[in-house]
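Listed here are the chains, written in short residue letters.
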Amino acid sequence: MVICIVAEGCYPYVVGGVSSWINSMIRNFPDYKFIILSIIANRSMRGKFVYELPENVVEVRELYLQDYDWKEKKSHRKFKLDEKEYHALKSLLINQQVDWDTLFTLFGEKDFLLNDLLMGPDFFRAVRECYRLYYPEAVFSDFLWTMRSVYLPLFLTMRMELPRADLYHCVATGYAGVIGCMAKKKFGCGLLISEHGIYTREREEELIRAKWVEGIYKNIWIDQFRKMSQLAYDEADLVTSLYAHARELQIELGCPEEKTRITPNGINTSRFENLKPPDVMSPDKVNVGAVLRVTPIKDVKTLIRAFAFAKKSVPNLVLWIMGPTDEDEEYAKECFDMVETMGVPDVQFTGRVNVTDYMGGIDMSILTSISEGQPLTILEGYAAHIPAIATDVGNCRGLIYGESDDFGEAGILTHIMNVEEIADAIVDLATHPNKRREMGENGYRRVMAKYKIEDMQKTYGDIYWDFEDIDW
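Quick caveat: nothing in here was measured; it's all calculated off a predicted structure.

Which parts of the structure should I look at to understand the overall build of the protein?
For the protein, the count of helices and strands is 17 helices and 13 strands. Here the protein has a C-alpha radius of gyration of 24 Å; the compact-globule value for 472 residues is 23 Å, and the two agree. Projected onto its principal axes, the C-alpha coordinates of the protein cover approximately 75 × 55 × 40 Å. Counting every position in the protein, which comprises 472 residues, the buried fraction comes to 56%.

Okay, here's the thing in structure tokens:
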């Protein structure tokens, strides 16, 4: 069976999180052939893989959501939609019974330039109808250009030439989900959606905080992501989530309950056996480990502030920030500068490392993210008998307190961006070694009971087998 994995903004360009999960999935199913269809920002990322691709990856295709500007491709040809195509376009813009089938045929089979559509009379007329229905108080010229910006990535997505596969496995809804729905219509293949975070909610959170878009235009972008996710939920054969609350959110957002299934993460626990402290770590120190990408969503600035306060009470603390610093270089520099400006000693940015080289000397792991799914870093810490401090996002509460076991607390949960709470948690574990050892053992039992790679391999092996057994 050939499986096309559709990923947005992660594998094989970014380490950790969803990328690690995809890499693990491919390697754990060597008998299947995999095609990677990766959705990335633009051609500047082309081919910049940070993973060595497994041998059973037979092809990688890239979709650029910010491809070379459509305004540069100009023609003087008049482009006209027929009546059915126009009504499909209008249904998309006003989000009323969207005729996706006609849109897929239009963008997948008809030869035209996006510039001719976006700058043409049909798009103008559809936008004007949407404007009159919902946003007559806006400045129309701004509204028109915003709509062009909103729909260009989706139109580029629907122009994508798709590889044939037996199963499309989309690791999100959104643009990835649209790709999967297009493939299902074109090839009659199976469609599996696996959400690590709830895509619509994550995009809403990002847009609410965003400074580049304001007012009604936030709502327009949010509505766009909602309609794409609803398409994926409607057309998928199966939709998985990592934990119970995520499944509840999927159902709340319109996914048919009978399509949903919980499939927890799994890690290779054998990697974390018999670890030894690295020479760079002193046994006289209390080492706090943060395995993360230095990006805003991980809220490293709050971590640094909390550590600075904790260190005033526990001078022998050391913070190890283990992960890449080149994904958002501006933010990373702000973090480096903050450490220097605040004069916080013993903050070590290691860059990208093999975490098993360090975990043997870590006393507690920490995660101050403002959004997560089911963090692998917490599970990996548990496999190394290390308790976790984490913000109350994603499945962190379930991982720390347990959902279907009585192993006990495996760390401390805090509120997002609460420097005082996070600092107190660090001090608590740093000054109570027996408590952190007990919590570390609780975490170890939890990961061994439910979150081993073998468990995940069996779960997805059964799912893949079910798809393989269907005569599409």
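In this structure, what is going on with the pattern of salt bridges? I would like to understand it.
One side chain can pair with another of opposite charge once the charged atoms of both are near each other. The tally for this structure, following the rule as stated, stands at 26 salt bridges. The partner of arginine 293 in a salt bridge is glutamate 327, with the nearest N and O atoms 3.3 Å apart. Within this pair, whereas arginine 293 is found in the loop between β8 (286–291) and α11 (300–313), its partner glutamate 327 is found in the loop between β9 (317–322) and α12 (329–342), the two being separated by 34 residues in sequence. We classify arginine 293 as partly exposed; its relative accessible area is 23%. Note on glutamate 327: relative accessible area 31%, which makes it partly exposed. Put simply, arginine 352 and aspartate 326 hold a salt bridge, and the shortest N to O gap is 3.8 Å. Taken as a pair, arginine 352 in the loop between β10 (347–351) and β11 (364–367) and aspartate 326 in the loop between β9 and α12 lie far apart in primary sequence, 26 residues in all. Connected through salt bridges with shared partners, the residues Lys80, Asp122 and Arg125 form a single ionic network.

So what exactly am I meant to see when it comes to the packing of helix α5 (residues 121–134) against helix α6 (residues 140–158) here?
For any two helices packed against each other, the geometry is given by the interaxial angle and the distance between the axes. Running from amino to carboxyl end, α5 crosses α6 at an angle of 115°, the nearest separation of the two axes being 10 Å. When the axes of α5 and α6 are compared, the crossing they make is right-handed. Along the contact surface, α5 presents Phe123, Phe124, Val127, Arg128, Cys130 and Tyr131, while α6 presents Phe140, Phe143, Leu144, Met147, Arg148, Tyr151 and Phe155. A per-class count over the contact of α5 with α6 returns eleven nonpolar, no polar and two charged.

Sorry if this is basic, but what is going on with the environment of tyrosine 382 here?
Here tyrosine 382 shows up in helix α13 (residues 376–383). For the pair tyrosine 382 and glutamate 438, spaced 56 residues apart in sequence, the C-alpha separation works out to 11 Å. Leaving out residues up to four positions away in the same chain, tyrosine 382 has contacts with Ala388, Leu399, Ile400, Ala410, Gly440, Gly443, Tyr444 and Val447. Reaching out from tyrosine 382, the side chain makes a polar contact with the backbone oxygen of leucine 399 at a distance of 3.0 Å.

Is there a simple way to explain the side chain of lysine 90 in this structure?
Looking at where lysine 90 falls in the secondary structure, it is placed in helix α2 (residues 83–94). At 3.4 Å, the side chain of lysine 90 and the side chain of glutamate 129 are in polar contact. With residues near it in sequence (within four places) discarded, lysine 90 still touches Asn95, Ala126 and Glu129.

It is not clear to me how helix α7 (residues 174–187) should be interpreted in this structure. Could you clarify?
Note that an α-helix has 3.6 residues per turn; residues three or four places apart therefore point the same way. Taking 1.5 Å of rise per residue, the 14 residues of α7 would be expected to cover 20 Å, and the 20 Å separating its terminal C-alpha atoms lies within 8% of that figure. Among the 14 residues of α7, eleven are classified as buried, and the element is accordingly described as predominantly covered. Restricting attention to buried positions, one finds in α7 the residues Gly174, Tyr175, Ala176, Gly177, Val178, Ile179, Gly180, Cys181, Met182, Ala183 and Phe187. Just beyond α7, the residue with positive phi is glycine 188, at close to 70°.

Conventions and cut-offs
Residues numbered from 1 in each chain as written. Predicted model: local features only at pLDDT ≥ 70, side-chain atom pairs only at ≥ 80, totals over all residues. Heavy atoms only, no water. Helix = DSSP H or I, 4+ residues; strand = E, 2+ residues; numbered from the N terminus. Rg over C-alpha atoms; globule rule 2.2 N^0.38 Å. Buried < 20%, exposed > 50% of the residue type's maximum accessible area, 1.4 Å probe, protein only. Salt bridge = Lys/Arg side-chain N within 4 Å of Asp/Glu carboxyl O. Axes fitted to C-alpha atoms, helices over the stretch in contact; angles between N-to-C directions. Left-handed = near helix turned anticlockwise from the far one by under 90°. Contact = heavy atoms within 4.5 Å. Nonpolar A, V, L, I, M, F, W, Y, C, P; charged D, E, K, R; others polar. Polar contact = N/O pair within 3.5 Å; in protein donor to acceptor, adjacent residues only side chain to side chain. Expected span 1.5 Å × (residues − 1).

Purely geometric numbers; function is a separate question.
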